[in-house]
Amino acid sequence: MKKHSISLQVNGAVHEITIQPNKTLLDVLRDELNMPETKYGCGTGECGACTVLVDDQKVINSCLTLAATMDGKSITTAAGLQTAEGTLHPVQEAFVENAAVQCGYCTPGMVLKSVGLLKKNPNPSEDEIREWLEGNICRCTGYEKIVTAVQLAGKKIAQADG
Amino acid sequence: MSTRILTEFELLTPNTIPEALSILNEFRDNVIPIAGGTDVLVAMKFGFSTEYAMSISAIPDLDYLSFDPNKGLRIGANATISQILDSKAVKQHYPALWQSAKIFATPQIRNSATLIGNLLRASPAGDCSCAVYALGGSIVLVSQQGEREVDIDDLWISYQNTERRSDELAIELRIPAPEPAGRSAFKRLTRVNEDLAKLNVAVNLVMDGDKCTHARLAMGCVAPTPLRLRATEKLLIGQTLDGSVLKRVMASVKEEINPIDDQRSTAEYRKSVSGVFLRRAIEQACDIS
Ligand SMILES: Cc1cc2nc3c(=O)[nH]c(=O)nc-3n(C[C@H](O)[C@H](O)[C@H](O)COP(=O)(O)OP(=O)(O)OC[C@H]3O[C@@H](n4cnc5c(N)ncnc54)[C@H](O)[C@@H]3O)c2cc1C
Ligand code: FES
Ligand code: FES
């Protein structure tokens, strides 16, 4: 297999890497760049554990994306949401304050998915949140606290912008 | 079981259409095009192997969705399902297509998956495929030999087989300009929300007052490819959509479809609900309840 050289920006840092074409973006993040915060759940687009944010706007499943096709893209993982000083993103804060986390396995994906929603729709209704979170599975929380955390995050962002 | 490690292949990432056509011309049946990859990657994880894969995502200017009231809708090969869902023109003029995008997969998949990939996957369960079939249209295929436009009616040949030759790239879907009195709708039945369809249906009617002057009906998961319900369409044309016409329509669908038992449903179930399901789609299109 001919390797591909790509430039991938992850959480602001540019990585010039040479990778095999059969590696998914998830493989590269976890195994090549040692960034294990993005999780492997199903590998087939069903669970959302591997969700990342591309070019600061759209959420995708990194398990179904060939890394070699992401040349020049900017990726945000859950570890890239906080500020350089370590202040959590309002969505992360809301998840913590609302105890929307139990084992935490789904959390990076849930948080990024919620960030993606609030970028499109800063003031979503409960139904809109539930609909948007389809494709992210949580085996622990029962979703209630996640939904209220997203509502809280929307308010926090509105206040900060306010 | 799916695997974490994809089998080996060479990946080609052309930056222009001519480059892509030369790759297809050279490797033909040994290369698989990838757009969003949501079907191809899942297939690879379940053991599909290929010598070459060609990603078209680096080809610029193929991610357009443009609407002109006279010419209709044009959708490029890299345009995603999210773009369809975000389009006001699609929502207003092609409700069947918009509704099929609305229920499609999850936000992450919609951000990667393309409409053209859905058509070329040639799955009998393809949701946008069903909607496009009812709306009518054509797909533009190019090769080093030139360009041709294939009517959607001629695209699907048999289970997962299309009219596309292996040296051809699909670059655009064209859907005709909306009829002023046109109405369309799409519906899907699933086991759970995120699952693929066990039955889907799309209708596209032109009404002159109460009378139906033109009808295209499509149903999915009831034959090896998406199916046009041509005999049932005839029962609508020239008719007022009253109870007795709808009754005949409901009886006709059952005869026209040829479903099988699979993991999502049974042939018997599909047959028994197909009539009501189609009637509801017609009612949805015409705002009758
Ligand atoms: C979790 C999950 C949920 C899903 N839910 C749904 C759903 O609700 N409804 C539904 O209909 N589908 C669903 N799908 C299936 C899939 O997402 C769609 O079929 C999608 O539209 C495929 O588009 P793509 O761009 O990802 O195609 P790809 O995987 O890139 O390609 C699909 C096929 O089209 C060919 N192809 C693509 N582009 C071209 C081109 N330009 N020229 C020539 N050939 C081309 C490829 O070679 C391949 O055979 C789901 C998939 C997953 C993983
Ligand atoms: S690991 Fe990607 S969706 Fe489950
Ligand atoms: S907190 Fe455990 S899976 Fe969601």
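Residues numbered from 1 in each chain as written. Chains lettered and ligands numbered in written order. Predicted model: local features only at pLDDT ≥ 70, side-chain atom pairs only at ≥ 80, totals over all residues. Heavy atoms only, no water.

1. Points about the overall build of chain A
In step 1: Looking only at helices and strands, chain A has five helices and five strands in total.
In step 2: For 162 residues, the compact-globule formula gives about 15 Å, and the C-alpha radius of gyration of chain A, at 16 Å, lands near that figure.
In step 3: Along the first, second and third principal axes, the C-alpha atoms of chain A reach 50 × 30 × 25 Å.
In step 4: When the 162 residues of chain A are sorted by exposure, 51% land in the buried category.
In step 5: When contacts within chain A are restricted to residue pairs at least 6 apart in sequence, long-range pairs at least 24 apart make up 53% of them.
In step 6: When the accessible area of chain A is evaluated, it comes to approximately 7200 Å², of which 46% is carbon and sulfur surface.
In step 7: Charge-centre separation for chain A: the mean point of 15 positive side chains lies 4 Å from the mean point of 19 negative side chains. (Helix = DSSP H or I, 4+ residues; strand = E, 2+ residues; numbered from the N terminus. Rg over C-alpha atoms; globule rule 2.2 N^0.38 Å. Buried < 20%, exposed > 50% of the residue type's maximum accessible area, 1.4 Å probe, protein only. Contact = heavy atoms within 4.5 Å. Areas by Shrake-Rupley, 256 points an atom, 1.4 Å probe, with all protein chains shown as cover. Lys, Arg positive; Asp, Glu negative; His and termini not counted. Charge placed at Lys NZ, Arg CZ, Asp CG, Glu CD.)

2. Looking at the pattern of salt bridges
In step 1: This structure, assessed with the given rule, holds 25 salt bridges over all chains.
In step 2: In this structure, A:Asp56 engages A:Lys119 in a salt bridge whose closest nitrogen and oxygen atoms are separated by 3.3 Å. With A:Asp56 in the loop between strand S3 (51-54) and strand S4 (58-61) and A:Lys119 in helix H3 (residues 107-120), this pair connects stretches of sequence that are 63 residues apart.
In step 3: A salt bridge links B:Asp153 to B:Arg228, with the shortest nitrogen-to-oxygen separation between them at 2.9 Å. Placement of B:Asp153 in the loop between strand S7 (146-151) and strand S8 (156-158) and of B:Arg228 in strand S14 (residues 227-228) is noted, with a sequence separation of 75 residues between them.
In step 4: Given the relative accessible area of 21%, B:Asp153 is considered partly exposed.
In step 5: For B:Arg228, a relative accessible area of 13% corresponds to the buried category.
In step 6: One network of salt bridges, with partners in common, ties together B:Arg28, B:Arg148, B:Glu163, B:Arg165, B:Asp167 and B:Glu168. (Salt bridge = Lys/Arg side-chain N within 4 Å of Asp/Glu carboxyl O.)

3. A word on the sheet that holds strand S1 (residues 10-12) of chain B
All names here are of chain B.
In step 1: Spatially, the three strands line up as an open sheet ordered S1-S3-S2, and their pairing is parallel. Every interior strand has two partners, whereas the edge strands, S1 and strand S2 (31-34), have only one. Between one strand and the next, the sheet's axes are offset by a mean angle of 25°, whatever the strand orientation.
In step 2: In this sheet, strand S3 (residues 52-55) lies alongside S2 in parallel orientation, the contact comprising four bridges. Looking at the pairing, Pro-33 lines up with Met-54 of S3. (Pairing = 2+ DSSP bridges. Axes fitted to C-alpha atoms, helices over the stretch in contact; angles between N-to-C directions.)

4. Section: the site of ligand 1
In step 1: In the vicinity of ligand 1 lie 31 residues, with B:Pro33, B:Ala35, B:Thr38, B:Asp39 and B:Thr114 positioned nearest.
In step 2: Per-site note: the chains with residues close to ligand 1 are chains A and B.
In step 3: Here an oxygen atom of ligand 1 and a backbone polar atom of B:Gly37 are 2.8 Å apart.
In step 4: Separating an oxygen atom of ligand 1 from a side-chain N or O atom of B:Thr38 is a distance of 2.6 Å.
In step 5: Relative to its unbound accessible surface of 990 Å², ligand 1 loses 93% to contact with the protein.
In step 6: Elements represented by at least two residues in the shell around ligand 1 include exactly S2, helix H2 (40-45), helix H7 (115-121) and strand S10 (169-175) of chain B.
In step 7: In terms of residue count, H7(B) provides more of the shell around ligand 1 than any other element does, four residues in total. (Near = heavy atom within 4 Å. Polar contact = N/O pair within 3.5 Å; in protein donor to acceptor, adjacent residues only side chain to side chain.)

5. Observations concerning the packing of helix H10 (residues 243-256) of chain B against helix H11 (residues 267-285) of chain B
Residue and element names in this part refer to chain B.
In step 1: At a minimum axis separation of 8 Å, H10 and H11 run at an interaxial angle of 135°. When the interaxial angle is binned, H10 and H11 end up oblique. Seen from above, H10 lies across H11 with right-handed handedness. Counting all contacts with H10, which are made through Leu-246, Val-249, Met-250, Val-253 and Lys-254, the residues of H11 involved are Lys-271, Ser-272, Ser-274, Gly-275, Val-276, Leu-278, Arg-279, Ile-282 and Glu-283. (Parallel < 35°, antiparallel > 145°, perpendicular 65-115°, else oblique. Left-handed = near helix turned anticlockwise from the far one by under 90°.)

6. Quick look at the nonpolar core
In step 1: The biggest cluster of nonpolar side chains holds 85 residues, and the ones touching the most others in it are A:Leu8, B:Leu97, B:Leu115 and B:Leu169.
In step 2: Considering every element that reaches this core, the biggest residue donor is helix H8 (residues 127-135) of chain B, with seven residues.
In step 3: Ignoring sequence-local partners within four residues, the contact set of B:Leu169 consists of B:Ile17, B:Ala20, B:Leu21, B:Leu24, B:Met54, B:Ile56, B:Val140, B:Leu141 and B:Val142.
In step 4: Core analysis: the second largest hydrophobic core is formed by 27 residues, B:Val201, B:Cys212, B:Ile257 and B:Cys286 among them. (Core = buried A, V, L, I, M, F, W, Y, C linked by side-chain atoms within 4.5 Å.)

7. Considering the pairing of strand S13 (residues 211-220) of chain B
Residue and element names in this part refer to chain B.
In step 1: For S13, the tally of buried residues reaches seven of ten residues, placing the bulk of the element in the interior.
In step 2: Alignment of strand S12 (residues 199-208) against S13, held across nine bridges, turns out to be antiparallel. Paired with Val-201 across the two strands is Met-219, which belongs to S13.
In step 3: Counting the residues that bridge the hairpin from S12 to S13 gives two residues, and of these Gly-209 lies at a positive phi of roughly 60°.
In step 4: As judged from the two bridges shared by S13 and S14, these two strands associate in the antiparallel manner. Bridge pairing in S14 links Ala-218 to Arg-228.
In step 5: Hairpin geometry of S13 and S14 is characterised by an intervening segment of six residues between the two adjacent antiparallel strands and by a positive phi of about 70° at Cys-221.

8. Regarding helix H5 (residues 144-161) of chain A
Residue and element names in this part refer to chain A.
In step 1: Over its 18 residues, H5 runs 26 Å from end to end, which matches the ideal 26 Å to within 8%, given 1.5 Å per residue.
In step 2: Along H5, the residues classified as buried are Ile-146, Val-147, Ala-149, Val-150, Ala-153, Gly-154 and Lys-156.
In step 3: Among the structural elements, helix H2 (90-97), H3 and helix H4 (126-132) are those in contact with the buried residues of H5. (Expected span 1.5 Å × (residues − 1).)

9. Description of the domain arrangement of chain B
Residue and element names in this part refer to chain B.
In step 1: As far as domains go, chain B holds domain 1 (10-55), domain 2 (65-175) and domain 3 (182-285).
In step 2: Placing a centre on the C-alpha atoms of domain 1 and another on those of domain 2 gives a separation of 19 Å.
In step 3: Of the residues lining the interface, 14 residues belong to domain 1; the matching set on domain 2 comes to 18 residues.
In step 4: For the pair domain 1 and domain 2, the summed buried area comes to about 1200 Å², and 63% of that belongs to carbon and sulfur atoms.
In step 5: Sorting the residues of domain 1 by area buried against domain 2 places Leu-21, Thr-38 and Asp-39 first, and these three jointly supply 36% of that buried surface.
In step 6: Linking domain 1 to domain 2 there are two salt bridges. (Domains from an automatic or database assignment. Buried area = accessible area lost by both parts, 1.4 Å probe.)

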